[in-house]
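Examining the three-dimensional arrangement
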Amino acid sequence: MPSGYQTGTITQDWEPVVIRKSKPKPSELKAAKSVNNALRTGVPVETVKKHSAGTNKSGSGTGLAVHVRKLEEMTEPAGFEKVGAEVRAKIQKARVEKKMSQAELAKLINERVQVVQEYESGKAVPNQAVLAKMERVLEVKLRGKKK
């Protein structure tokens, strides 16, 4: 007898196999066709109104963002102090008197050209180390009060 066969009596399984449809997906339940069909058959249908549905607003937090921004503005300064007009003029005047370009000044103080441009245009936040380097190279007082 071959080794792959079972010995003994072979029985058959006669229990019925029931094949059912899968549960409908939530998106199918929300479709107008299925809602109308449920209403016709008398099945209870629950409707829920969603606030700000279909808009780009966050549900209950619309006022919260404005409140947080206002609170932050009250507790912290709105912006950083920029280089004053007097300091800008002194830097430009001293650089021109020494017949230097912005690139040459930047090279002498070991900074990028963009830093010198920001100081001369008034867009930079004053850094005491950079101002000290400029004072040393340009031989002009840029920090502190006048005596």
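Structure first, text after, so check above.
So, the nonpolar core
Membership of the largest hydrophobic core comes to 18 residues, with the highest contact counts inside it found for Ile91, Leu105, Ile109, Tyr119, Met134 and Leu138. Mapped onto this core, the elements with two or more residues apiece are helix 4 (85–97), helix 5 (102–108), helix 6 (113–121) and helix 7 (128–138). Among the elements that line this core, the one with the most residues is helix 7, at 5 residues. Setting aside residues up to four positions removed in sequence, tyrosine 119 forms contacts with Val83, Arg88, Ile91, Ala124, Val125, Pro126, Asn127, Val130, Leu131 and Met134.

Observations regarding helix 7
Along helix 7, the positions that sit buried rather than exposed are Val130, Leu131, Met134, Glu135, Val137 and Leu138. Those residues of helix 7 hidden inside the fold are in contact with helix 4, helix 5 and helix 6. Taking the backbone nitrogen of alanine 129 as reference, a side-chain oxygen 3.1 Å away marks asparagine 127 as the first, capping residue of helix 7. Just past helix 7, the residue glutamate 139 takes up positive phi, approximately 55°.

Describing the packing of helix 4 against helix 7
Between helix 4 and helix 7, the least distance of the axes is 10 Å, while the angle of their chain directions is 35°. Helix 7 is crossed by helix 4, and the crossing has left-handed handedness. The residues of helix 7 that touch helix 4, namely those facing Val87, Ile91, Ala94 and Arg95, are Leu131, Met134 and Leu138. Looking at the contact of helix 4 with helix 7 residue by residue, the class counts come to 6 nonpolar, no polar and 1 charged.

So, the pattern of salt bridges
As a working rule, side chains carrying opposite charge can pair if their charged atoms are close by. This structure, assessed with the given rule, holds 5 salt bridges. The closest approach of N and O atoms between glutamate 120 and arginine 95, which form a salt bridge, is 2.5 Å. Of the two residues, glutamate 120 sits in helix 6 while arginine 95 sits in helix 4, which places them 25 residues apart along the sequence. Assessed through its relative accessible area of 5%, glutamate 120 is described here as buried. Taking the relative accessible area as the measure of exposure, arginine 95 reaches 11% and is therefore buried.

Quick look at unusual backbone geometry
Backbone geometry at lysine 99 places phi at a positive 55°, although glycine is not the residue there. Relative to the elements of secondary structure, lysine 99 occurs in the loop between helix 4 and helix 5. Positive phi is not limited to glycine here, since asparagine 110 has a value of about 60°. Examined against the element boundaries, asparagine 110 turns out to sit in the loop between helix 5 and helix 6. Residue asparagine 110 is classed as exposed on the basis of its relative accessible area, which comes to 66%.

Reading guide: rules and limits
- Residues numbered from 1 in each chain as written.
- Predicted model: local features only at pLDDT ≥ 70, side-chain atom pairs only at ≥ 80, totals over all residues.
- Heavy atoms only, no water.
- Core = buried A, V, L, I, M, F, W, Y, C linked by side-chain atoms within 4.5 Å.
- Buried < 20%, exposed > 50% of the residue type's maximum accessible area, 1.4 Å probe, protein only.
- Helix = DSSP H or I, 4+ residues; strand = E, 2+ residues; numbered from the N terminus.
- Contact = heavy atoms within 4.5 Å.
- Polar contact = N/O pair within 3.5 Å; in protein donor to acceptor, adjacent residues only side chain to side chain.
- Axes fitted to C-alpha atoms, helices over the stretch in contact; angles between N-to-C directions.
- Left-handed = near helix turned anticlockwise from the far one by under 90°.
- Nonpolar A, V, L, I, M, F, W, Y, C, P; charged D, E, K, R; others polar.
- Salt bridge = Lys/Arg side-chain N within 4 Å of Asp/Glu carboxyl O.

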